[in-house]
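If you want the building blocks of each chain, they are given just below.
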2 protein chains.
Amino acid sequence: MKATIRVNIPQTPYDVRIAPGGLDYLGAWLSAGSSPLVKPNQKVLVVSNPVVFDLYGERAIASLRQAGYEVCDCILPAGEPHKTLASIEKIHDVAYKNRLERSSAMVALGGGVIGDMTGFAAATWLRGIAVVQVPTSLLAMVDASMGGKTGVNHPKGKNLIGAFHQPRLVLIDPQVLETLPVREFRAGVAEVIKYGVIWDLPLFETLEAADRLDDFTCVSDQLLQAMLVHSCQAKADVVSQDVQESGIRAILNYGHTVGHAVESLTGYSQINHGEAVAIGMVAAAKIAEMLSQPLSQPLSQPLSQWDATATQRQQQLLEKAQLPRTLPAGIKIDDILMALKSDKKVQSGKVRFVLPKSIGEAFVTDQVTDEMVSSTLEELISKN
Amino acid sequence: MKATIRVNIPQTPYDVRIAPGGLDYLGAWLSAGSSPLVKPNQKVLVVSNPVVFDLYGERAIASLRQAGYEVCDCILPAGEPHKTLASIEKIHDVAYKNRLERSSAMVALGGGVIGDMTGFAAATWLRGIAVVQVPTSLLAMVDASMGGKTGVNHPKGKNLIGAFHQPRLVLIDPQVLETLPVREFRAGVAEVIKYGVIWDLPLFETLEAADRLDDFTCVSDQLLQAMLVHSCQAKADVVSQDVQESGIRAILNYGHTVGHAVESLTGYSQINHGEAVAIGMVAAAKIAEMLSQPLSQPLSQPLSQWDATATQRQQQLLEKAQLPRTLPAGIKIDDILMALKSDKKVQSGKVRFVLPKSIGEAFVTDQVTDEMVSSTLEELISKN
């Protein structure tokens, strides 16, 4: 089962290839054709973390060498706390030592952290060289590897430093998910559910029809393929309409506003990104319910048709994926409100929320008051 | 005497305004019109160095505040050794503390170092916010502020880290040059002479007709205006044909190949950028003479028509601007050759040189051998 999704953006269109066993074809696909994605005999720097590199580094490098590339590598410690400018400097040091040129490329072999950092290092080395994304986590496959967002964290906030830099190719080999820790698999499912809610009703219904979503081994090849294809197509549809995130692309941040605040307040370690997004989706759904009430002005339409049943359906999917639906213990609602104000999505001091309109459709609004957010978050305090 | 030059690049065209006293109109020009360059009431972060900020910071900020912007500033130490990622982090810290948003802007008030760093900080804050260049050195006016090249130095090489990020506006107020140290004025003249050699014969002849080029106070307003307008127009012509430096834009690097090596080997302090470029232009002119000899193959045309007379004319202009034409003492030719190999312009290990074809025209070639470079550099060893 193979699929190719074209991300049809101006100037730098690229393919997302979903292919079981595709890791062994990385070099062949980069070098194929009369106008190859990366010219043969060029230098390729593979960036990875120790765990992923132990599992898949050798295969990736063998495939690249076989295609005639001169390969070097840079292994960085795993995890969000290492997504810093200091790590970018390490990649740049390896790029310098190996004399990477403008026609060289970097390959990101890993999850979202490796993908974001490698993309940013490539965006800023010699003012931009090619990057190829080979995501090894479900979350990176369906989200981070596509769309060209790259960057690192500022000590005070996530992803505040970065650049738009589109990959030459995204290569998704679903087989690598068999070694992904179960908690990270579920985190990826959170983003898949997100696409169902904001963009793709059939995907949402497919997920509803599944017996289990909480473990790679319990998901059929066919379901996994559907999850990947639908999610990547949704992301491709949205980003190709709005490369620089000035409009519709914002809906991809569904669940991310409260999600980022929760991640930030728990130090990017206790809760992972997908879990934080799951919590954020619960909050956003409940806020959407409030805005689906008719407004006080006569004749005005409610902003959303989202109702308690829709919230419940989303809740059931999150539960099926064993994702959290309540705030982590000890987190203060006032701190969340404060963190929201420093989010990238703030415009003129107003927090902009992505809310579902119905299953398969979302919108952006700045009509959410602090009071709505706090009363919603009160409901999300764990009763345990 | 005012002039506006349009840099007509796709998607992000912008103006270069040359206007004596224009500093006081910075805010007005940014906020004017129905589609202002920076929306009123937004936050503007002015980045500068202590010397320039003392001289012009107050006027720039007053002008911005009068136009309704909320202004903050970040003052960084002057000089190339501070053009590092650590300085970018300082700008980002100020951006964070003042809650800069995507609709905010940064203003670079200073020379090339401030311009490059502010541009890169803006390119990478929230994945890109607006930057306005207000160059205060002649070199930044005619070169660094235009074209969107931004970045910092890697410990091992100049400008290895960076991004393309076009400014919203370049505002050139020639009056600020009256406070520029004379040595820096001359450094800027080196780049003006460069445009004459590679692009603009009338500019070259205008410079030949001038009595002096070595001091701002000895250059008439009319000559200064001609130098600025011709240089900016030349740069605008070239970069609008080749935004990402994949072709003709390379000719702007005339004098920069050997120049960068000299800067790097003297630690970016003993020799300034314009002086290094002057030395590099002398070397490139002498190499061009070699390539103007008929090649050994019958019927083949020489690559250049550059001759000893042309070298001499360039030499006279550099002398009139009191720019160096010999290598700094103690520098080793082998070290220069080694440094050339790590230049950004290297392709597949071959050093590419920009050479003059005739006065007003240049070309790029990889036909320059190590032997040609070393015999040329031998001639550039100071006889004192």
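Residues numbered from 1 in each chain as written. Chains lettered and ligands numbered in written order. Predicted model: local features only at pLDDT ≥ 70, side-chain atom pairs only at ≥ 80, totals over all residues. Heavy atoms only, no water.

**Quick word on the interface of chain A and chain B**
How big an interface is tends to be stated in terms of accessible area lost as the parts join.
Reasoning step 1: Every contact between the two is made by 35 residues of chain A and, on the other side, 34 residues of chain B.
Reasoning step 2: For the pair chain A and chain B, the two sides together bury roughly 3,300 Å², of which 54% comes from carbon and sulfur.
Reasoning step 3: Run the count over chain A and chain B and you get eight residue pairs in polar contact (both at pLDDT 80 or more).
Reasoning step 4: Those elements that place two or more of their residues in the side of chain A that touches chain B are helix H3 (85-97), helix H4 (112-124), strand E7 (149-154) and strand E8 (157-164) of chain A.
Reasoning step 5: For the side of chain A that touches chain B, the element with the most residues is E8(A), which contributes six residues.
Reasoning step 6: When grouped by side-chain class, the residues that make up the side of chain A that touches chain B number 11 nonpolar, 13 polar and 11 charged. (Contact = heavy atoms within 4.5 Å. Buried area = accessible area lost by both parts, 1.4 Å probe. Polar contact = N/O pair within 3.5 Å; in protein donor to acceptor, adjacent residues only side chain to side chain. Helix = DSSP H or I, 4+ residues; strand = E, 2+ residues; numbered from the N terminus. Nonpolar A, V, L, I, M, F, W, Y, C, P; charged D, E, K, R; others polar.)

**Details of the domain arrangement of chain A**
All names here are of chain A.
Reasoning step 1: Under the domain assignment, chain A is made up of domain 1 (3-180) and domain 2 (183-379).
Reasoning step 2: When each unit is reduced to the centre of its C-alpha atoms, the spacing between domain 1 and domain 2 is 27 Å.
Reasoning step 3: Opposite the 32 residues of domain 1 that make contact, domain 2 presents 34 residues.
Reasoning step 4: The largest contributions to the domain 1 side of the interface with domain 2 come from Leu138, Val142 and Lys158, which together make up 22% of the buried area.
Reasoning step 5: At the boundary of domain 1 and domain 2, one finds two salt bridges.
Reasoning step 6: Salt-bridge contacts for Lys158 lead to Glu263; the nearest nitrogen and oxygen are separated by 3.5 Å.
Reasoning step 7: Counting the contacts that link domain 1 with domain 2 gives five residue pairs in polar contact (both at pLDDT 80 or more).
Reasoning step 8: Listing elements by their share of the side of domain 1 that touches domain 2, those giving two or more residues are strand E1 (3-7), strand E2 (14-18), helix H5 (138-144) and E8.
Reasoning step 9: Tallied by class, the residues present in the side of domain 1 that touches domain 2 amount to 19 nonpolar, seven polar and six charged. (Domains from an automatic or database assignment. Salt bridge = Lys/Arg side-chain N within 4 Å of Asp/Glu carboxyl O.)

**A look at the environment of Glu101(A)**
Reasoning step 1: Here Glu101(A) lies in the loop between H3 and strand E5 (105-110).
Reasoning step 2: When the C-alpha atoms of Glu101(A) and Trp125(A) are compared, they prove to be 8.9 Å apart, with 24 residues separating the residues in sequence.

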